[in-house]
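The residues making up each chain are set out below.
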Amino acid sequence: MLDVTQTPLKALLKRRRPGYCLEAPFYTSPEIFAADMETIFQRHWIFVAVEADVPEPGDSTVVDIGGTSVVIVRDDDMNVVAFHNVCRHRGARLVHDYKTSVGNLVCRYHAWTYGLDGQLLYAEHMGDHFDTACHGLKKVHIRSLEGLLFLCLADEPPADFDVMADLMTPYLAPHDLRNTKVAFEMDIIEPGNWKLTMENNRECYHCAGNHPELTVPLFAEGFGFAPEQLDEAGRQQAERYACLVNDNHGAWEASGFPSRCLEHLDDMVTGFRTERLPLDGDAESHTLDTKAACRKLLGRFNDPKSGALHFWTQPNSWHHFMADHAVTFAVFPIDAEHSLLRTKWLVHKDAVEGVDYDVENLKAVWVATNDQDSTLVGYCQTGARSPAYEPGPYSPHTEMLVDKFCNWYVGRMTDAHGA
Amino acid sequence: MLDVTQTPLKALLKRRRPGYCLEAPFYTSPEIFAADMETIFQRHWIFVAVEADVPEPGDSTVVDIGGTSVVIVRDDDMNVVAFHNVCRHRGARLVHDYKTSVGNLVCRYHAWTYGLDGQLLYAEHMGDHFDTACHGLKKVHIRSLEGLLFLCLADEPPADFDVMADLMTPYLAPHDLRNTKVAFEMDIIEPGNWKLTMENNRECYHCAGNHPELTVPLFAEGFGFAPEQLDEAGRQQAERYACLVNDNHGAWEASGFPSRCLEHLDDMVTGFRTERLPLDGDAESHTLDTKAACRKLLGRFNDPKSGALHFWTQPNSWHHFMADHAVTFAVFPIDAEHSLLRTKWLVHKDAVEGVDYDVENLKAVWVATNDQDSTLVGYCQTGARSPAYEPGPYSPHTEMLVDKFCNWYVGRMTDAHGA
Amino acid sequence: MLDVTQTPLKALLKRRRPGYCLEAPFYTSPEIFAADMETIFQRHWIFVAVEADVPEPGDSTVVDIGGTSVVIVRDDDMNVVAFHNVCRHRGARLVHDYKTSVGNLVCRYHAWTYGLDGQLLYAEHMGDHFDTACHGLKKVHIRSLEGLLFLCLADEPPADFDVMADLMTPYLAPHDLRNTKVAFEMDIIEPGNWKLTMENNRECYHCAGNHPELTVPLFAEGFGFAPEQLDEAGRQQAERYACLVNDNHGAWEASGFPSRCLEHLDDMVTGFRTERLPLDGDAESHTLDTKAACRKLLGRFNDPKSGALHFWTQPNSWHHFMADHAVTFAVFPIDAEHSLLRTKWLVHKDAVEGVDYDVENLKAVWVATNDQDSTLVGYCQTGARSPAYEPGPYSPHTEMLVDKFCNWYVGRMTDAHGA
Ligand code: FES
Ligand code: FES
Ligand code: FES
Ligand SMILES: [Fe+3]
Ligand SMILES: [Fe+3]
Ligand SMILES: [Fe+3]
């Protein structure tokens, strides 16, 4: 069925009801999807990869943000640079492998040859009037936040990336992500709009009923709860949890691991949130047995039980950093009703597979959890197709961050498309 | 190729030439398909299921009319009720199985729990200000015509359903469909616009050349014929057939089986047609050997040779009721060029498979016939894509009911979109 | 992602920069694709088949130009005629087989029966008022240029087909294509806009790096080169090649084989180009071992080493005619991002497979080359999807004919859509 939004985007943005999920066209309309791609994904900092994807000079990786293909390259000075993955001759895609290693970037069509700095080095038969200097690859803005790579396709990227970087660096630095390697990665296509994938990530109201593997080392209280529904035992439990978190924050920060919550999900252009949280009982990590997946710990950690640092960024990522490994998640919209979720598991770069870690154990929890989430996202996408769909209320106790995701989204769209 | 209708729908409706098939955009345009879904399928009574689909309390079945998913439930008082299949929280699809049996309707996302009356019984963590009474499932109008279930998605359904119900009840009652079971059902996707599927059903001009199994117990004269093309032998044959039909009508009606033709295909909003017709020779039913498929007869019948009651409804169904079994057909549009045809074979609820009936024998004729029709519908869809397509004339002797289908469709669309 | 062209077609046409490839919407927009189909493919002469496809009376072949299906028939007088492949009754597609042989053309739906001249011969049940004379098949213009079949869907085809025919007949006649048979044919779907398939065909800048099989018997100099980049050895080589071509032209023309270049790629509505060129060393044909693929030579040829006559037509074909066999290529657009390439290998009609020729050897070079080209076309299509795509410059020494293809296209579109 052709999906045509009857109400203009501007009107839909204006009438958004705070505390409620979005109207259906935000999840189903190809027109709004196109606006999302232009306004959100072409103008904001998008988490796309990690430095560990391109460890050596000449290593490259290709990321596609909608129709925009970008090649990320480690140059000979060990800088990470990024170019539009389009030949300047007749526009052929230049690099075809997700990850590869190159000396120069050579187009397969007519062999135009570019250096790792994007300069056009050689183009045959173009004649005397042709100026190679005008035909270098187009650069893309790229920033590494302690090894996490963010791209911005805009000419002038949002300036507050620096604010986020300044605040986040002390949190991330102890994990020393630049000295990790990608032990495993996987892509799945979720059958839903990218915003449903993000909303699903921003609450754990659904965790108890849907994520048996993930919830083992998690405190039920950490998902949020309606205080008025607690009985006396529940109230005491919640208080104990609050004290535990506070005590842990104090202890970790005293040891040089910043931990307290920073939240700028809807008050910055480059919105984000972070917090280091304890795991239940003697749990060390997000594995099936809750023990560290990798014997070789990351960065400055020497206690495998150091909780988990969580990092959420608008519009498209979340991350969990433990003492032994880290997991990063990036969402790439495909069309109005499909999204790619790319997950990478990082361990210390010197850890040896089969000796220090077992890949099956490392990946098990999040492979299962992603699959469960994908199914849930599909339920919402299917529901949003119905003319009977009507935005319902978010729980004020467990879905506050979903609401903030929508606030941020609506705010950014309104900024671009008028109030 | 992008399918954009150059001529406005209103103009296309206005210039429709009676006695001729429709212009190509009615079969190919996504825009007109969207208008069909909104005007025809969201505002009229749509045949979707039978009571035998949900025999017991808690039994449910899901039907999708375009993007609108509806769950039909047998409640604890044995009433058949229907709800939009969308959770009132964040809009997840609620019921995922085509047929299942439930106590309550529980959303898989955050476990909001609804009773069989649609009331929201339980929603965790929503806080003190949340009113469950405002978040029950949305009801959908549903009517049972002697066990045949019709939905209407409109707030105010066409009132003349009652007229049809009053007229049809005496015809259907003898078959006692409420005491049947679904012995077999199947869905096929026809490669054509839903109107082509319907038009194909409304004539038997194509039967002689395409339906070897179906035509065995049918009288050739019953398909319609040009009287001027008949020779003397043909004329006598046609007269004999007319007398036979008349005699049968008289005999059946005297036995309490209303049989004479009622036709309101294009003069009612809820258009329909019915007639009980004899089968040729000693044929009893629509099976390969023309004998009754089921030894246990339906309702008040005790003679397996009692002809076949036919029932056609606008916009999307047809039905054949014999003494031993019944077959119902419902068309669900998928997109401008595809339609789902759902066929159900009903037998007495106490009939035992393998003893009273053999499923292969029961279904054989219509499985073959549907497949043949699907191919023919595809031929028309393919033809309509050509710029050279031009509506041709209907046969005034064999395609009158196709013409009436188009009259009804054009009338209903004109009523909604202006003359 | 929905593909909507923001800039009107007229503006895009107007701002086309000569010597540069086209802007991205020309390769990606469904709207411009629809305009291409209407303006280019429905109003120009399109190469679609060869007479050898329908050698005997009653032989037919179906070709689809976009949504327009045409059946080409050899009638009883040995004329090749063409009709729209749509029944005049309810518009069913009439002929379903790519190639078949028929007495009359009989619709499978209700058996309307048309003669090989398109006249409606028989339609049952249509009544006394029905006039068969008004319901014959709609004719399509078709022309045979020495056995090469061109269709034009317009009411008034471009008149300059005759100019092309007059000029080309002497070149083609010696190959006597009317006395060939189709030894092999294959369709591939290229993942690109039809214009990218055509542009790829119009240059050999990419050949050295991508076509190992094709280039064996070709002179490197024949692909074009920047003279200023040649060293002394290269310059001598290029001169020798120019002399060789000139000498060959002289010798062939003296023997009755017109050979010199005729070029009307962008100065005629029915644009074309031809030239007979020598093959390198003792190469005779386009086979893996460069020897003639078929022992029985075509038409007036008795020396297997007679070079290759090339024939390019706007908008959709190219052909290579050797002494022993010929290869024809026709491009049929599918949608904005996909095109069908149909290749046919012709040999003398009396040649015997396994005796005079081996099909594997006959087809090997172009099966490989088509596959390589398809990949390259896909690279350009993928690149054009990026917002960073920008038309780059054509090489003035090797891509002149690509430029002329774009000139012709932009000219024809401008003619129809305004300057
Ligand atoms: S398109 Fe890259 S070299 Fe020609
Ligand atoms: S969407 Fe149904 S309970 Fe949340
Ligand atoms: S559609 Fe061809 S005979 Fe009816
Ligand atoms: Fe989850
Ligand atoms: Fe039929
Ligand atoms: Fe090529």
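Residues numbered from 1 in each chain as written. Chains lettered and ligands numbered in written order. Predicted model: local features only at pLDDT ≥ 70, side-chain atom pairs only at ≥ 80, totals over all residues. Heavy atoms only, no water.

1. Remarks on the overall build of chain A
Turning to step 1, where the next piece is worked out: Within chain A, the regular secondary structure consists of 10 helices and 17 strands.
Turning to step 2, where the next piece is worked out: What you see for chain A is a C-alpha radius of gyration of 23 Å, in line with the 22 Å of a compact globule of 419 residues.
Turning to step 3, where the next piece is worked out: C-alpha extents for chain A along the principal axes are approximately 85 × 60 × 35 Å.
Turning to step 4, where the next piece is worked out: The buried share of chain A, taken over its 419 residues, is 60%.
Turning to step 5, where the next piece is worked out: Partitioning the contacts of chain A with sequence separation of at least 6, the portion at a separation of at least 24 is 67%.
Turning to step 6, where the next piece is worked out: Here chain A has roughly 15,400 Å² of accessible surface; of this, 50% comes from carbon and sulfur atoms.
Turning to step 7, where the next piece is worked out: Counting 36 positive and 61 negative side-chain charges, chain A places the centres of these two groups 2 Å from one another. (Helix = DSSP H or I, 4+ residues; strand = E, 2+ residues; numbered from the N terminus. Rg over C-alpha atoms; globule rule 2.2 N^0.38 Å. Buried < 20%, exposed > 50% of the residue type's maximum accessible area, 1.4 Å probe, protein only. Contact = heavy atoms within 4.5 Å. Areas by Shrake-Rupley, 256 points an atom, 1.4 Å probe, with all protein chains shown as cover. Lys, Arg positive; Asp, Glu negative; His and termini not counted. Charge placed at Lys NZ, Arg CZ, Asp CG, Glu CD.)

2. Brief notes about the environment of Val50(C)
Residue and element names in this part refer to chain C.
Turning to step 1, where the next piece is worked out: Position of Val50 among the secondary structure elements: in strand 1 (residues 46-50).
Turning to step 2, where the next piece is worked out: For the pair formed by Val50 and Phe150, sequence separation is 100 residues and the distance between their alpha carbons is 8.6 Å.
Turning to step 3, where the next piece is worked out: In contact with Val50, other than residues within four places in its own chain, are Gly147, Leu148, Leu149, Val182, Thr328, Lys344 and Leu346.

3. Side note on the interface of chain B and chain C
Turning to step 1, where the next piece is worked out: Listed by partner, the interface residues are 36 residues for chain B and 33 residues for chain C.
Turning to step 2, where the next piece is worked out: In this assembly, chain B packs against chain C so that about 2,800 Å² is buried in total across both faces, 58% of it on carbon and sulfur atoms.
Turning to step 3, where the next piece is worked out: Applying the counting rule to chain B against chain C returns four salt bridges.
Turning to step 4, where the next piece is worked out: A salt bridge links Lys138(C) to Glu390(B), with the nearest nitrogen and oxygen atoms 2.7 Å apart.
Turning to step 5, where the next piece is worked out: Applying the counting criterion to the chain B and chain C interface returns 19 residue pairs in polar contact (both at pLDDT 80 or more).
Turning to step 6, where the next piece is worked out: Secondary-structure elements contributing two or more residues to the side of chain B that touches chain C are helix 5 (194-201) and helix 9 (359-384) of chain B.
Turning to step 7, where the next piece is worked out: Among the elements that make up the side of chain B that touches chain C, the one with the highest residue count is helix 9 of chain B (six residues). (Buried area = accessible area lost by both parts, 1.4 Å probe. Salt bridge = Lys/Arg side-chain N within 4 Å of Asp/Glu carboxyl O. Polar contact = N/O pair within 3.5 Å; in protein donor to acceptor, adjacent residues only side chain to side chain.)

4. Some words on the coordination of the iron ion (ligand 6)
Turning to step 1, where the next piece is worked out: Within the first shell, the iron ion (ligand 6) binds the protein through His206(C) (NE2), His211(C) (NE2), Asp373(C) (OD) and Asp373(C) (OD), at distances of 2.0 to 2.6 Å.
Turning to step 2, where the next piece is worked out: Coordination at the iron ion (ligand 6) comes from four donor atoms whose angles at the metal span 55 to 147 degrees, giving a geometry best classed as irregular. (Donors = N, O, S within 2.8 Å, 3.2 Å for Na, K, Ca; no water. Tetrahedral: all angles 85-135°; square planar, octahedral: opposite > 155°, others 65-115°.)

5. Let's talk about the sheet that holds strand 12 (residues 262-264) of chain B
The strands making up a sheet are joined through hydrogen bonds of the backbone, oriented either antiparallel or parallel.
All names here are of chain B.
Turning to step 1, where the next piece is worked out: Pairing within the open sheet is antiparallel, and its seven strands lie in the order 11-17-16-15-14-13-12. Two strands lie at the open edges of the sheet, namely strand 11 (180-190) and strand 12, each paired on one side alone. The sheet shows a mean angle of 15 degrees between the axes of neighbouring strands, taken without regard to direction. (Pairing = 2+ DSSP bridges. Axes fitted to C-alpha atoms, helices over the stretch in contact; angles between N-to-C directions.)

6. Description of the domain arrangement of chain A
Residues and elements named next belong to chain A.
Turning to step 1, where the next piece is worked out: Parsing chain A into structural domains produces domain 1 (46-145) and domain 2 (160-417).
Turning to step 2, where the next piece is worked out: The distance between the C-alpha centroids of domain 1 and domain 2 comes to 32 Å.
Turning to step 3, where the next piece is worked out: With 18 residues of domain 1 at the interface, the matching set in domain 2 holds 25 residues.
Turning to step 4, where the next piece is worked out: Across the domain 1 to domain 2 interface the summed buried area is about 1,600 Å²; carbon plus sulfur atoms make up 61%.
Turning to step 5, where the next piece is worked out: Broken down residue by residue, the surface that domain 1 buries against domain 2 is led by Phe47, Arg143 and Leu145, which jointly contribute 44%.
Turning to step 6, where the next piece is worked out: Across the pair Lys99 and Glu185 runs a salt bridge whose closest N-O atoms are separated by 2.7 Å.
Turning to step 7, where the next piece is worked out: For the interface between domain 1 and domain 2, the tally reads eight residue pairs in polar contact (both at pLDDT 80 or more).
Turning to step 8, where the next piece is worked out: Elements with a contribution of two residues or more to the side of domain 1 that touches domain 2: strand 1 (46-50), strand 2 (59-65) and strand 9 (141-145). (Domains from an automatic or database assignment.)

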